[in-house]
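Chain by chain, the residues run as shown.
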Amino acid sequence: LFRIVQGSYAVASLRIGYDVNSRWSAALNVDNVFDEVYFQTIGTTYTGNRYGEPRNYVFKVLGRF
């Protein structure tokens, strides 16, 4: 008999933004800052086990007109 167990974990995200002027802004989002490895879902010993997202970055520039 197999049993899948996952211990406690924490996932941190950060965001920093800057308004360049009244029309333009920029932001950087970082998800899973410490690159924690964890299961997002736990199914059976054969299927349904999915790892959570690895560290990722998104840089966004927004213009308002």
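Details of the structure are given in the entry above.
The shown structure was predicted, so the numbers you read here are calculated from the model rather than taken from an experiment.

A separate point is the packing of aromatic side chains. Applying the stated criterion across every chain yields a total of three aromatic pairs. Pairing Tyr 9 with Tyr 38 gives two aromatic rings, centres 4.6 Å apart and planes at 20°, and the pair type is stacked. Of this pair, Tyr 9 sits in the segment before strand 1 (14-19) while Tyr 38 sits in the loop between strand 2 (24-31) and strand 3 (39-41), and the two are 29 residues apart along the sequence. By relative accessible area, Tyr 9 is classed as partly exposed at 37%. Considering the side-chain rings of Phe 39 and Tyr 51, the 4.9 Å spacing of their centres and the 15° angle between planes classify their relative orientation as stacked. In this pair, Phe 39 sits in strand 3 while Tyr 51 sits in strand 4 (residues 50-51), placing the two residues 12 residues apart along the sequence. Under the relative-accessibility criterion, Phe 39 is labelled partly exposed at 23%.

Here is what the cut-offs are and how they apply
- Residues numbered from 1 in each chain as written.
- Predicted model: local features only at pLDDT ≥ 70, side-chain atom pairs only at ≥ 80, totals over all residues.
- Heavy atoms only, no water.
- Phe/Tyr/Trp six-rings, centres within 6.5 Å; stacked < 30°, edge-to-face > 60°.
- Helix = DSSP H or I, 4+ residues; strand = E, 2+ residues; numbered from the N terminus.
- Buried < 20%, exposed > 50% of the residue type's maximum accessible area, 1.4 Å probe, protein only.

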